[in-house]
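Report on the structure
One-letter residues, chain by chain:
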Amino acid sequence: MFKSYFTSALRNFLKQKGFTFLNIVGLSLGIAASLLILQYVKYERSFDTFHSKAPDIYRIQYNGWQNGKLRFECAAAVPAVGPALTDNFPEVLRFTRLFPVGGVVSYENPELGLVSFYEKRMQITDSSVFDIFDFNLVKGNKETVLTGPDKVVISQRAAKKYFGDDDPIGKAITWNGDTRLEVTGVFQDIPDNSHIKFDFMMSYQTLVTRAGEGAETAWGWYDFNTYVLLKPGTDVRSLQSKWDTYLYDTRHEDWEKRNQKQEFILQPILDIHLYGDLLQESIPEEKGDGKAVYALSFIALFILIIAWVNYINLATAKSFDRANEVGVRKVMGAVKNQLIYQFLFESILINFFSALLAVALVWVLWPGFIGLTGRSIPIEYMLQQDFWILLSVLFLVGALLSGFYPAIVLSSFKPIAVLKGKVMRTAHGGLLRKGLVVFQFVASVILIIGLLVVYQQLNFMRNQDLGVSINQTLVLKGPGATDSTYSRKMESFKAEALRVSGVKSMTASTNVPGDEIFWAMGVRRLVGGPESNISGYTIGIDYDYISSFNLKLAAGRSFDRDFTNESQSVILNRAMTEALDFEKPEDALGQKIIQNDTLEVVGVLEDYHQMSLKEAMTPLVFRYTPQFSSFYAFKIGDVNAQDVLAGLEEPWNTYFPGNPLDYFFLDEFFNKQYESDRQFGEVFGVFTVLAIFIACLGLFGLASFLTIQRTKEIGIRKVLGSSVPNIVILLSREFLLLVLIANVIAWPVAWWLMNTWLEGFPYRIEINLALFVVAAIGVLVVAFLSVGFQTLKAALINPAQTLKYE
C-alpha cells in the first residue's frame, strides 16, 4: 500500500515540478527560519541555567524612594542585606556578595617579562559564591581559597594569559601597583550564557581591611551585587512579604528621619538576562531583551504559518486538476479514507523533503546567523535532542495541518460528476483561499510596519543631540598603578600630550559619556529643599572637562584655575537642581549642599545624556578631583588616530611605566549601548523580508495556476478588443483587493503592538501615518509584481493559440 502511495506521489511531483518546487522551497525556508530563530530564543532563555540551583537563586534588587518618589532601581544592594536575610529567615540558606572592581593587573613572568593588562572583569567576593553558583574550581579548595585578605582565584583564561603553562598557585600578582594578591585557586572559564562574567575573584577580606566594617554592615553603600540561595519550594511571595515587614519594623525610624524608604526585592536569577534592566547591571552591554525574544518567537510562528498557508492554497487550487484522477480511483474501488491517506502521504513527503533541506540550510546559514545576532550560540545545538524533537514537531504539525484540508477536498469529489466534467468550485473553498491570503499579508504588513518603527526609533536615538560632544574623541584608560606622585606626573604627561600633533585638548575624569557612574552619594541642601537626601551620581572632573566636551552652562561657571579651593566647590546639572527644589538654575548658585562635605554650588550644567537615550536624565554632581582619573579624553583633529596614539605612547611609558596603553574611541564606545537594539533590528529585518518573500512565493504560484485556468477567457477578451493592460488589471484586481483588506486589518494591530514597544523608551518617536502608507504601498507593489508577472505573461499569449481547439 505504501509503495503504491509513494509511486503515485512521486509521479504527481514529477508531473507538477513547478508547484512541487514552490512548495518545497517555501516550506524549507519557513522551517529553516523558524529553527534558527528558536535556537536564538533557546540561547537567550538559557542564561544562568547551567547553575544546578538556579531555580532557587535570587538577586536582591534595591529600589530607593526619596520624598515619596521612586528615584532609582538598582541591581546592586547594600552589604547589610545578605546577613539580615540569612540571620532572620530560615528559608534563606546562604548569601554571597560580589563587589565589582577593575584596574591594572601585572605579573613578572620569568620567561615573558612583565605581563600587564587592564582588567574590567574582577569581583571581590567570599567562599559562599561556590556554594550558590556552579563556578567550578579546577585547582584549590573552595573552603579556603577566599579566606583571609589579599587572596585571589583566577579563571583558566587568566591563568594562561599571565602564567602560560606554569602552575599559578602560590604565585603573586599585583593589582593597581600597590596590592599584592596571592593566587590560591583556578576556576573554569565562565560560560558565555552567564549574566555575570569575571576572570578574577578577590577575597572579601581584601575589601574589609581597606574599607572597614562598613563593607559588612552598611545600609547606605549600594555597590554590592547580593545573591541568596533559598530552600527548594520556598513561597517567594510570602518570604518577600515577611521581609518587607521586617525591614519596616527595623528600619522605618531611620527612613522617617531621612524621608526615604528602601525596598529590597527578590529577583529570580533566571529573569536577570532578559528582564534585568536596572542600574549597575553586571554586563549592561550584553543584557538581553525579553520583548525582543517574544517578538522574534512570533515572527518564527508567522513565517511557519505563512509557509503552511502557501501549501494549503496551492494544493487546494491544484485539486481541480486532479479531479479526474480522484474519479477514476473511486470508480476502481478506492474509498474516501484511502484517498485521504494518499494525499496526506504526499503532504508528509513534501514536508519531509522540506525538513531535510531546512536542516541543510540551517547548517550552512549558522555562521552568518551567529554574526547577525552577535551571540555565541554553539552549533552543537544542532546535535542536541531538543533540536531534533523541535524539527520532528514542525514536520509532523506541518504535514498534518497543511495536508489535512487539501486531502479532505480532493477525496470529496463525486466520481460521476468528475468524469462528466461537472466539478464545481465552491464559494467556501474560494473564500478560504482568500482568507488565507489575507492572513499572510496581515502578518506581512504588521512585520513591515514593525520593522520601520524599529529602524526609525534606532535612528532617532543614534542621531539625537546628546548635549555633549563625543566625536573625534580618543580616550585612554587612566593608569591603574599609581603612587603619591601621580598628580604631578599627570600634569607633566598632559603638557607633553598637548604637544602631540593632532591633539586639541585633554581632560581627565572618573567617567566619560557612555560609562555608567558607580560613584553614588546622597545630596541635600544645607538650608531648605527636600527633607531627604537625593541620590547624586558623581563624576570627578578637572578644569578642562566641560570645555572639552562642549557642555553648556545654564548658570554660573566651570571649575577654574584662578580659584584655589575648587575641591570645596561643586557643579550640578539641571536635573539635580530640580530634584533639590531650586526653581531655576540661578537660584542654586552660591548655595551650600552636603555630600559628605559641605560644598558650594558654583555652576549648573544643562542636562546632557550621560548614558543612552534608553535611560531618562539622571541628577548629576560634578566634583573637582584631579587625583582620581579613570579616563583621559583627547579631542583630536582630522588626523590619523594611530599617529596620535604613537605620539602619546612615549610620554605614557615615561610617566606611567608598567601601565598598558588601553584606548577606545568615544563615539564607538557610546554607541555600543545600542548594539543589542541594532542586532535586534537587523534580525527583525532579515526575517521580515524572508516572511514577505515566502508569502509572495505562494502568491506567485497561486496566481500562476489561476491565470492558467483563465487562459481561454483571456483569449476571448483579447479577440473582443481588450488591451494587455486591461487584462493585467482585471486578473490582478482580486489579489490587490485582498492585500488592501489585509492592510485595513493590520494597521490597528501594528499600531497597538509598536506603541506598546515604544513605551519602554523615555525618548521615543511618534508613530507616523506615513509609515503605514509606506508599508501598504510596499506590500501592494510586491504583490502586484508577484501576480503581474504571470498575468502579463498570459495576456501576451496569441489568442489563436489558446482558442485553436474551440
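Residue indices begin from 1 for each chain and proceed along its sequence in written order. In keeping with the model being predicted, local features are shown solely for residues with a pLDDT of at least 70 and side-chain atom pairs are shown and tallied solely at 80 or more, while totals for entire chains, interfaces and linings include all residues. Excluded from the side-chain calculation are hydrogens and water; included are all heavy atoms of the structure.

**Re the layout of surface pockets**
Put simply, the rule reads: A cavity here means a set of 1 Å grid points, computed over protein atoms only, where a 1.4 Å probe fits but cannot escape. A pocket is an open set with protein on both sides within 12 Å along at least 5 of 7 lines, and lining residues have an atom within 4 Å of a point. Grid points are joined across faces, edges and corners, and a volume is the space filled by probe spheres set on the points. What counts as a helix is a DSSP run of H or I of at least four residues, what counts as a strand is a run of E of at least two, and both are numbered from the N terminus. Residues are sorted three ways: Asp, Glu, Lys and Arg are charged, Ala, Val, Leu, Ile, Met, Phe, Trp, Tyr, Cys and Pro are nonpolar, and all the rest, Gly among them, are polar.
The space that makes up the second largest pocket amounts to roughly 560 Å³. Looking at the second largest pocket, it is lined by 28 residues, and the ones nearest its centre are Gly 220, Arg 258, Met 521, Gly 522 and Asn 533. Going through the elements one at a time, strand E1 (57–66), helix H8 (236–258), strand E11 (260–268), strand E14 (520–525) and strand E18 (592–595) are the ones with two or more residues in the lining of the second largest pocket. A total of 5 residues in the lining of the second largest pocket trace back to one element, the largest contributor, which is E14. Within the lining of the second largest pocket, the residues separate by chemical class into 12 nonpolar, 10 polar and 6 charged.

**A few points about helix H3 (residues 81–88)**
To keep things clear, this is the line we draw: We call a residue buried when its accessible area falls under 20% of the maximum for its residue type, exposed when it is over 50%, and partly exposed in between, using a 1.4 Å probe and counting protein chains only. Arc, as used here, means the arc of the directions from the helix axis to the C-beta atoms. Residue contacts are counted whenever heavy atoms from the two residues lie within 4.5 Å of one another.
The set of residues buried in H3 consists of Val 81, Gly 82, Ala 84 and Leu 85. Down the axis of H3, the smallest arc covering the buried residues is 165°, so these residues share one side. Tucked inside the fold, the buried residues of H3 contact E1, strand E3 (92–109), strand E10 (225–230), H8 and E11.

**A closer look at the pairing of E10**
Quick note on the threshold: Paired strands are those between which DSSP finds at least two bridges.
The buried fraction of E10 amounts to 6 of the 6 residues, a majority that puts the element mostly inside the structure. Alternating residues of E10 divide into Asn 225, Tyr 227 and Leu 229 and Thr 226, Val 228 and Leu 230, and every residue in both groups is buried. Pairing of E1 with E10, which is carried by 3 bridges, proceeds in the antiparallel orientation. Bridge pairing links Tyr 58 to Val 228 in E10. Across 6 bridges, the pairing between E3 and E10 is antiparallel. From the neighbouring strand, Leu 98 faces E10, where its bridge partner is Asn 225.

**As for the environment of Thr 174**
Within the element layout of this structure, Thr 174 appears in strand E7 (residues 172–175). Remark: the alpha-carbon pair of Thr 174 and Glu 108, spanning 66 residues in sequence, is separated by 9.1 Å. Look past the residues within four positions of Thr 174 in its chain and what remains in contact with it is Val 104, Val 105, Ser 106, Thr 179 and Arg 180.

**So, a nonpolar patch on the surface**
Keep this limit in mind: Patches draw on residues past 30% relative accessible area with no salt bridge. Two like charges within 9 Å are joined, as are two nonpolar side chains (Val, Leu, Ile, Met, Phe, Trp, Tyr) within 5 Å. To measure how exposed things are, a 1.4 Å probe is used in the Shrake-Rupley method; for residues, cover is taken only from the protein chains shown. Between Lys or Arg on one side and Asp or Glu on the other, a salt bridge is scored when a side-chain nitrogen of the former is within 4 Å of a carboxyl oxygen of the latter.
A surface patch of nonpolar side chains, about 540 Å² in accessible area, is lined by Leu 769, Val 773, Ile 777, Val 781, Phe 784 and Leu 785. You can see Ile 777 is positioned in helix H25 (residues 769–795).

**Notes on the packing of helix H16 (residues 486–497) against helix H20 (residues 641–655)**
Rule in force here: Throughout, an axis means a line fitted to C-alpha atoms (over the contacting stretch in the case of helices), and angles, computed between N-to-C directions, take values from 0 to 180 degrees. Roughly parallel means an angle under 35 degrees; roughly antiparallel means over 145; roughly perpendicular covers 65 to 115; every other angle is labelled oblique. Each crossing is labelled by how the near helix is turned from the far one, with a counterclockwise turn of less than a right angle marking it left-handed and a clockwise turn marking it right-handed.
One way to put it is that H16 packs onto H20 with a least axis distance of 10 Å and a crossing angle of 165°. On the basis of their axis angle, the class for H16 and H20 is roughly antiparallel. The way H16 lies across H20 gives a crossing that is right-handed. Between H16 and H20, the residues in contact are Lys 489, Ser 492, Phe 493, Glu 496 and Ala 497 and Leu 648, Pro 651, Trp 652 and Tyr 655, respectively. Split by residue class, the contact of H16 with H20 holds 6 nonpolar, 1 polar and 2 charged.

**Details of helix H6 (residues 204–211)**
Those residues of H6 that sit buried are Tyr 204, Thr 206, Leu 207 and Val 208. Those residues of H6 hidden inside the fold are in contact with E3, strand E4 (113–125), strand E6 (151–155), strand E8 (179–187), strand E9 (200–203) and helix H7 (214–217). A positive backbone phi angle near 90° is found at Gly 212, which sits one or two residues after H6.

**Re the pairing of E9**
Both faces of E9 are covered, namely the face carrying Phe 200 and Met 202 and the face carrying Met 201 and Ser 203. As defined by bridge partners, E4 adjoins E9 across 4 bridges and the pair is classed as parallel. In the strand pairing of E9, Ile 124 is matched with Met 202. Where E6 lies against E9, 3 bridges are found, and the strand directions are antiparallel. Opposite Val 153, over in E9, you have Met 201 as the bridge partner.

**Overview of the side chain of Thr 625**
As for its placement among the helices and strands, Thr 625 is situated in the loop between strand E20 (620–624) and strand E21 (631–636). Residue class for Thr 625 comes out buried when judged on its relative accessible area of 7%. Look past the residues within four positions of Thr 625 in its chain and what remains in contact with it is Thr 510, Trp 519, Gly 540 and Ile 541.

**With respect to the environment of Val 228**
As for its position among the elements, Val 228 is in strand E10. Separated by 147 residues in the primary sequence, Val 228 and Val 81 place their C-alpha atoms 9.9 Å from one another. In this structure, Val 228 is in contact with Asp 56, Ile 57, Tyr 58, Ile 60, Leu 85, Val 92, Arg 94, Phe 95 and Leu 266, ignoring residues within four places of it in sequence.

**Focus on the environment of Ala 355**
With respect to the secondary-structure elements, Ala 355 resides in helix H12 (residues 336–373). Separated by 327 residues in the primary sequence, Ala 355 and Ser 28 have C-alpha atoms spaced 5.9 Å apart. Once residues within four sequence positions are removed from consideration, Ala 355 is found in contact with Ile 31 and Leu 391.

**Focus on empty space enclosed by the protein**
Enumeration over the complete set of coordinates arrives at 4 cavities of 30 Å³ or more. As a volume, the second largest cavity reaches approximately 190 Å³. Taken together, the residues of the lining of the second largest cavity break down into 8 nonpolar, 5 polar and 3 charged.

**Digging into the pattern of salt bridges**
Under the definition given, this model contains 29 salt bridges. A salt bridge links Glu 182 to Lys 151; its shortest N-O distance comes to 2.8 Å. Of this pair, Glu 182 sits in strand E8 while Lys 151 sits in strand E6, and the two are 31 residues apart along the sequence. Through salt bridges with shared partners, one network takes in Lys 494, Asp 542, Asp 544 and Arg 561.

**Details of the nonpolar core**
Convention followed: Among the buried residues, those of types Ala, Val, Leu, Ile, Met, Phe, Trp, Tyr and Cys that are joined through side-chain atoms within 4.5 Å form a nonpolar core.
The biggest cluster of nonpolar side chains holds 140 residues, and the ones touching the most others in it are Val 228, Phe 264, Phe 622 and Phe 687. In terms of residues, this core owes the most to one element, helix H15 (residues 427–463), which gives 15 residues. Ignoring anything within four residues of it in the chain, the contact list for Phe 264 reads Ile 60, Gln 61, Tyr 62, Ala 77, Val 78, Val 81, Trp 219, Gln 240, Trp 243 and Leu 247. Counting 25 residues, the second largest nonpolar core, distinct from the first, contains Phe 99, Met 122, Phe 200 and Ala 215.

**Notes on the confidence of the model for the chain**
Applicable threshold: Values of pLDDT, which run from 0 to 100, indicate the predictor's confidence residue by residue.
On average, residues of the chain carry a pLDDT of 87, and 89% of them reach 70 or more. Here helix H14 (residues 415–419) stands out as the least confident element of the chain, with mean pLDDT 51; E10 is the most confident, with 98.

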